[in-house]
Amino acid sequence: MPTRFASVAVFLGSRFGSNRAFRDAAEHCGRALAEAGIRLIYGGGDVGLMGAVADAALAAGGAVSGVIPHFLKTREVMHRGVTDLTVTESMHTRKQKMFADADAFFILPGGLGTFDEFFEILTWKQLRLHNKPILIVDVAGWGEALVATIDRAIADGFADPSARALFEHVDGVDAALARLAELSRTSEPAQTADPAML
Ligand SMILES: Nc1ncnc2c1ncn2[C@@H]1O[C@H](COP(=O)(O)O)[C@@H](O)[C@H]1O
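Attention in this report is confined to the structure presented alongside it. Everything numeric here is computed off the predicted structure, so don't read it as measured data.

Some thoughts on the site of the ligand
- Inspection of the region around the ligand gives 16 residues, with Ser-14, Glu-76, Gly-111, Thr-114 and Asp-116 positioned closest.
- One nitrogen or oxygen atom from the main chain of Gly-111 is found 2.8 Å from an oxygen atom belonging to the ligand.
- Coverage of the ligand by the protein chains reaches 78% of its 480 Å² of free accessible surface.
- More than half of the atoms belonging to the ligand lie within 2 Å of the grid points that define the largest pocket.
- Listing elements by their share of the shell around the ligand, those giving two or more residues are α3 (91-101) and α4 (112-126).
- Of the residues that constitute the shell around the ligand, the class distribution is 5 nonpolar, 6 polar and 5 charged.

Looking at helix α5 (residues 142-155)
- Along α5, the positions that sit buried rather than exposed are Trp-142, Gly-143, Leu-146, Val-147, Ile-150 and Ile-154. Down the axis of α5, the sector holding all buried residues measures 110°, keeping them to one side. In α5, the exposed positions angled more than 90 degrees off the buried face are occupied by Glu-144, Ala-145, Arg-152 and Ala-155.
- Contacts from the buried residues of α5 go to α1 (20-35), β5 (104-107), α4, β6 (134-138) and β7 (168-171).
- Looking at the residues trailing α5, positive phi occurs at Gly-157, about 80°.

Examining the sheet that holds β6
- Spatially, 7 strands are ordered β4-β3-β2-β1-β5-β6-β7 in an open sheet, and the strand pairing comes out parallel. In the strand order of this sheet, the two ends are held by β4 (84-88) and β7, each with one partner. For this sheet the average axis-to-axis angle between neighbouring strands, irrespective of direction, equals 25°.
- Strand direction decides the pairing type here: strand β3 (residues 64-69) and β4, joined by 5 bridges, are parallel. The residue bridging Ser-65 from the neighbouring strand is Asp-84, located in β4.
- Helix-sheet contacts for α3 involve β1 (7-11), β2 (39-42), β3, β4 and β5, and the interaxial angle to β3 is about 160°.
- Packed on one face of the sheet, α4 meets β1, β5 and β6 and runs near 150° to β6.

Considerations on the pairing of β1
- Of all 5 residues in β1, 5 are buried, a share of seventy percent or more.
- Burial of the side chains of β1 extends over both faces: Ser-7, Ala-9 and Phe-11 are buried on one face and Val-8 and Val-10 on the other.
- Note: β1 against β2, 3 bridges, orientation parallel. Within β2, the position partnered with Ala-9 by the bridge is Ile-41.
- Following the backbone out of β1, through α1 and into the adjacent parallel β2, one traces a crossover that is right-handed.
- Examined bridge by bridge, β1 and β5 share 4 bridges and lie parallel to one another. Counted as the bridge partner of Phe-11 is Ile-107 from β5.

Rules used throughout
Along each chain, residues carry numbers from 1 onward, in the same order as the chain's sequence is written. Only residues with pLDDT of at least 70 are given local features in this predicted model, and only at 80 or more are side-chain atom pairs given and counted; all residues enter the totals for whole chains, interfaces and linings. For the side-chain quantities, the full set of heavy atoms in the structure was used; hydrogens and water were omitted. We define proximity as follows: a residue is near a molecule or strand when any one of its heavy atoms falls within 4 Å of that partner. Contacts described as polar in this section are N or O atom pairs within 3.5 Å, which, within protein, must combine one atom able to donate a hydrogen with one able to accept it, while residues neighboring in sequence count only if both atoms come from side chains. For the accessible areas, the method is Shrake-Rupley and the probe is 1.4 Å, while residue cover comes only from the protein chains on display. Whether a set of points on the 1 Å grid over the protein atoms alone is a cavity depends on a 1.4 Å probe fitting there but being unable to get out, while an open set qualifies as a pocket with protein on both sides within 12 Å along at least five of seven lines; lining residues are those with an atom within 4 Å of a point. To be counted as sitting in a cavity or pocket, a molecule needs more than half of its atoms within 2 Å of that site's grid points. The secondary structure listing takes helices from DSSP runs of H or I that are at least 4 residues long and strands from runs of E that are at least 2 residues long, numbered from the N terminus. Side-chain classes are defined by residue name, with Ala, Val, Leu, Ile, Met, Phe, Trp, Tyr, Cys and Pro counting as nonpolar, Asp, Glu, Lys and Arg as charged, and the others, Gly among them, as polar. Relative accessibility under 20% of the residue-type maximum defines a buried residue, over 50% an exposed one, and the middle range a partly exposed one, all with a 1.4 Å probe and only protein chains included. Starting at the helix axis, one direction is taken to each C-beta atom, and the arc is that of these directions. A contact between two residues is defined here by any heavy atoms of the two lying within 4.5 Å. Strand pairing is assigned whenever DSSP identifies at least 2 bridges connecting the two strands. Note on definitions: angles span 0 to 180 degrees between N-to-C directions of axes, and those axes are lines fitted to C-alpha atoms, for helices only across the stretch in contact. Here is how to tell: hold the view so the strands point away, follow the path from the first strand over the helix to the second, and if it runs clockwise the crossover is right-handed.

Encoded structure:
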């Protein structure tokens, strides 16, 4: 079924993590996006889960856009096989481009960089700079601590309870794709701010 989500930015680890389930999920995510005809936008590296999601999408015939800052081309082993690759001047312009090009965001397991990307996209939504779907795609309970941190901020009075509605926490890649299909049928097209405001 056609979807109004033509592209999804996937934020995930530059390492594989300690549980094989993380890699399996990243590969499944790449394949599932390709099979759904959805372009994968990701950080452009060929390391860890980032490389795994890109390779799986490409092997399944999907379109993959990588966005990598110049200074990380070596450290994150810039992926030379993607459909298109953008090299940016900075981390910030990388995030801006990924944000602008994506219709929705999947947060898969990762470390500090993944947290940063998640919280930035979440806080931009809190500031009403966009209303694109943000899905924490849980694997082996990885997302629970992230959600608990936000719940704690709400409980302590540092975030409004409405913050809980800025993102969704789903169990696994199939649930994420199913939710995206549902949103494609039921939700309004995304609104985004002038990039100059970011
Ligand atoms: N401060 C950061 N802002 C945006 N992206 C970042 C930052 N630090 C690292 N990253 C990128 O995030 C992914 C995943 O990193 P993990 O630490 O492995 O989760 C990677 O592409 C980093 O370059």
